[in-house]
Amino acid sequence: MHNRRKFVQQLSMGAAAMMLPFTSVALTGQSVARSLKFGMVADPHRDLIPDADRRLDAFMEQADLEKPDFIINLGDFCFGKEKNKSFLQRFRQFTGPGYHVLGNHDMDMNTKAEMVGFLGMSNRYYSFDCKDYHFVVLDANHLYQDGKFIDYQHGNFYVDDAFREFIDDQQIEWFKADIAATGKPVIVFSHQSLSHYLYGVKNRLALQLIMEEENRKAGFKKVFACFNGHDHIDLHREMNGINYFEINSLSYQWFGVKNLDRYEKKLYEEYKSLPNIAMYKDPLYAFVTISNSTLTVKGVRSTWVPPSPYDTGVPKDIYGNECTPVISDYSIKR
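Read on for a plain summary of the structure. Only a predicted model underlies this, so the values are computations on that prediction, with no experimental measurement involved. (Residues numbered from 1 in each chain as written. Predicted model: local features only at pLDDT ≥ 70, side-chain atom pairs only at ≥ 80, totals over all residues. Heavy atoms only, no water.)

**Points about the overall build of the chain**
Inclusion rule: Secondary structure elements follow DSSP: runs of H or I of four or more residues count as helices, runs of E of two or more count as strands, with numbering from the N terminus. Buried, partly exposed and exposed residues are distinguished by accessible area as a fraction of the type maximum, computed with a 1.4 Å probe on protein chains only: under 20%, between the cut-offs, and over 50%, respectively. In what follows, a contact means two residues having at least one pair of non-hydrogen atoms within 4.5 Å. Here the open area of atoms and residues is found with the Shrake-Rupley method and a 1.4 Å probe, where only the protein chains shown may cover a residue.
Within the chain, the secondary structure is distributed over six helices and 18 strands. Sorting the 334 residues of the chain into buried and exposed places 62% on the buried side. Sequence-distant contacts in the chain: of pairs separated by 6 or more residues, those separated by 24 or more amount to 76%. For the chain, the exposed area adds up to about 13,000 Å²; of that, 50% sits on carbon and sulfur atoms.

Encoded structure:
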């Protein structure tokens, strides 16, 4: 997330989360026989939220029921501290593969290399195959200053926004070669958006052009979906044949308008940014299924821990889109 940091309070379990209706994105150009399912969680922020363990448990319990082929964390999972090993271990208790995307706040207290090691990632960016699909994980956690790409580390990204959220040239060249080398349909994961005009990757146009050119050469929509976290918003857009999905936070949204009446006084003393935070009552996560050339997203709907931020005067378009305690499903045919 951008300029939003700390968070929330110990709260009791809310009403059970309500699953939204299924929606689908029809895939063209290639028939895929084997169905595939994966689960996603974004922006848990374990170090900033007292009940992050409960929230991750809810996702993991649902994963046990859904039995996806893999699960993936879209970034801002936790700091690389000894006390967070139990949180990471809970994620690793899934019986299948579990993958991680680096988020900007993952490097608040650590170097990028330390976080890659802590999370057990093969590299800061990488790709993998699952059944009939190819998946790419990108690292957009760079400053770009004086013609140089600088890794996020120890919170150094708290500078002018114009310098943040870049993908380095080496990685872009790797990405181009990687998706060209596979004959499988491609899905891309990143922490920051590859499409959002406000807080997306600054050099995202280079990535968009690479994906669109690869689709042109392949003769079908080879790269057909991109998923990201970071903004804590619920959003889908289609651009030049590629579907971009913003996956909402597991937990909360940050607002600049202060509210001191949501939580107990002692929590405000422990979590200094709590007055700026609006919590989702239930944990948010999503599961994606690809079957018979159709991509289906299943999300979760919750409500705000009262009062709603909009009841306190927060404008609904504070981040260029309305903030909601929801991960929607999107009905798109192509």
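**Side note on the packing of helix 4 (residues 169–181) against helix 5 (residues 204–218)**
For clarity, the cut-off: The convention used is that axes are lines fitted to C-alpha atoms, helices contributing only their stretch in contact, and that angles between N-to-C directions extend from 0 to 180 degrees. Angles are sorted into four bins: roughly parallel if under 35 degrees, roughly antiparallel if over 145, roughly perpendicular if 65 to 115, and oblique for all others. Working rule for handedness: look at the near helix, and if it is turned counterclockwise from the far one by less than a right angle, call the crossing left-handed; if clockwise, right-handed. When residues are grouped by polarity, Ala, Val, Leu, Ile, Met, Phe, Trp, Tyr, Cys and Pro land in nonpolar, Asp, Glu, Lys and Arg in charged, and all others, Gly among them, in polar.
In contact at an axis separation of 10 Å, helix 4 and helix 5 are set at 15° when each is read in the N-to-C sense. As judged from the angle between their axes, helix 4 and helix 5 are roughly parallel. Between helix 4 and helix 5 lies a crossing whose hand is right-handed. Contacts between helix 4 and helix 5 pair Ile-172, Phe-175, Lys-176, Ile-179 and Ala-180 from the former with Ala-206, Leu-207, Ile-210, Met-211 and Glu-214 from the latter. Looking at the contact of helix 4 with helix 5, its residues break down into eight nonpolar, no polar and two charged.

**Comments concerning the nonpolar core**
Inclusion rule: Nonpolar cores were defined as sets of buried Ala, Val, Leu, Ile, Met, Phe, Trp, Tyr and Cys residues, with membership established by side-chain atoms within 4.5 Å.
Membership of the largest hydrophobic core comes to 78 residues, with the highest contact counts inside it found for Phe-38, Met-40, Phe-59, Phe-135, Ile-187, Phe-189 and Phe-227. Per-element tally for this core: the top contributor is helix 1 (residues 52–66), with six residues. Core analysis: the second largest hydrophobic core is formed by 18 residues, Val-186, Val-188, Val-223 and Tyr-244 among them.

**Looking at the pattern of salt bridges**
The condition is simple: We count a salt bridge whenever a side-chain nitrogen from Lys or Arg sits within 4 Å of a carboxyl oxygen from Asp or Glu.
Under the counting rule described, the total for this entry stands at 19 salt bridges. Among the salt bridges present, the one from Asp-51 reaches Arg-54, with a minimum N-O distance of 2.8 Å. Arg-54 sits in the buried class, given a relative accessible area of 18%. Across the salt bridge formed by Glu-214 and Lys-222, the nearest N and O atoms sit 2.8 Å from each other.

**Some points on the sheet that holds strand 7 (residues 133–137)**
The following threshold applies: Two strands pair under a simple rule: DSSP has to find at least two bridges between them.
Read across the sheet, six strands follow the order 6-7-10-11-13-12 without closing on themselves; strand pairing throughout is mixed. The sheet terminates laterally at strand 6 (126–130) and strand 12 (235–239), the two strands that pair on one side only. Neighbour-to-neighbour, the strand axes of the sheet open up by a mean angle of 20°, direction not taken into account. Relative to strand 13 (residues 242–246), strand 12 runs antiparallel, the two being bridged by five bridges. Looking at the pairing, Met-239 lines up with Ile-242 of strand 13. Each of strand 6, strand 7, strand 10 (186–190) and strand 11 (223–228) is contacted by helix 4, which is oriented at about 175° to strand 7, the strand it contacts most. Helix 5 rests against strand 10, strand 11, strand 12 and strand 13 of the sheet, and its axis sits at about 140° to strand 13.

**Observations concerning the side chain of Asn-228**
Spelled out, the test is: In protein, a polar contact means a hydrogen-donor-capable atom and an acceptor-capable atom, both N or O and within 3.5 Å, with residues adjacent in sequence counting only if both atoms are side-chain atoms; elsewhere, any N or O pair within 3.5 Å suffices.
Along the chain, the position of Asn-228 falls in strand 11. Only 3.2 Å separates the side chain of Asn-228 from the side chain of Glu-246, close enough to count as a polar contact. When neighbours within four sequence positions are excluded, Asn-228 is seen to be in contact with Leu-74, Ser-190, His-191, Gln-192, Ser-193, Phe-245, Glu-246 and Ile-247.

**Examining the pairing of strand 4 (residues 70–73)**
Condition: Crossovers are described as right-handed under a simple rule: with the strands pointing away from the observer, the path leading from the first strand over the helix to the second runs clockwise.
Here strand 4 shows a buried face lined by Phe-70 and Ile-72 and a second buried face lined by Ile-71 and Asn-73. Bridge analysis of strand 3 (residues 36–41) against strand 4 gives four bridges, and the strand direction is parallel. By the bridge assignment for strand 4, Gly-39 is matched with Ile-71. Crossover connection from strand 3 via helix 1 to parallel strand 4: handedness right-handed. Pairing geometry for strand 4 and strand 5 (residues 98–100), over three bridges, is parallel. Bridging from a neighbouring strand, Asn-73 pairs with His-100 of strand 5. The parallel pair strand 4 and strand 5 is bridged by helix 2 (residues 85–92), and the resulting crossover is right-handed.

**What about helix 2?**
Going by this rule: An arc is given here, and it is the one of the directions from the helix axis to the C-beta atoms.
The set of residues buried in helix 2 consists of Phe-87, Leu-88, Arg-90 and Phe-91. Relative to the axis of helix 2, the buried residues are bounded by an arc of 150° and lie together on one face. Buried positions along helix 2 lie against strand 3, helix 1, strand 4, strand 5 and helix 3 (112–119).

**Comments concerning the packing of aromatic side chains**
Where we set the bar: Planes of paired rings set the category: under 30 degrees apart is stacked, over 60 is edge-to-face and the rest tilted, where pairs are Phe, Tyr or Trp rings (Trp by its six-membered ring) whose centres lie within 6.5 Å.
Per the counting criterion, the structure on display carries 30 aromatic pairs. Measuring from centroid to centroid gives 5.0 Å for Tyr-152 and Phe-157, while their planes differ by 25°, and the two rings are stacked. Through pairs of rings, three or more aromatic residues link up here, namely Phe-38, Phe-70, Tyr-99, Tyr-126, Phe-128, Phe-135, Phe-189, Phe-227, Phe-245 and Tyr-330.

**Notes on helix 1**
This is how it is decided: Residue count minus one, scaled by 1.5 Å, sets the expected span of a helix.
With 15 residues, helix 1 extends 21 Å from end C-alpha to end C-alpha; this agrees with the ideal 21 Å at 1.5 Å per step. Three or more residues of helix 1 are buried, namely Ala-52, Arg-54, Arg-55, Leu-56, Ala-58, Phe-59, Met-60, Gln-62, Ala-63 and Glu-66. Of the residues flanking the end of helix 1, it is Lys-67, one or two places downstream, whose phi is positive at about 55°.

**Let's talk about unusual backbone geometry**
The amide bond that connects Pro-306 to the next residue, Pro-307, takes the cis arrangement and shows omega of 0°. In this fold, Pro-307 is placed in the segment after strand 18 (300–301). One non-glycine residue with positive phi stands out, namely Asp-43, at about 55°. For Asp-43, a relative accessible area of 0% corresponds to the buried category. Positive phi outside glycine occurs at Asn-240, with the angle close to 50°. Mapped onto the fold, Asn-240 is located in the loop between strand 12 and strand 13. On the basis of relative accessibility, which here comes to 58%, the residue Asn-240 falls in the exposed class.

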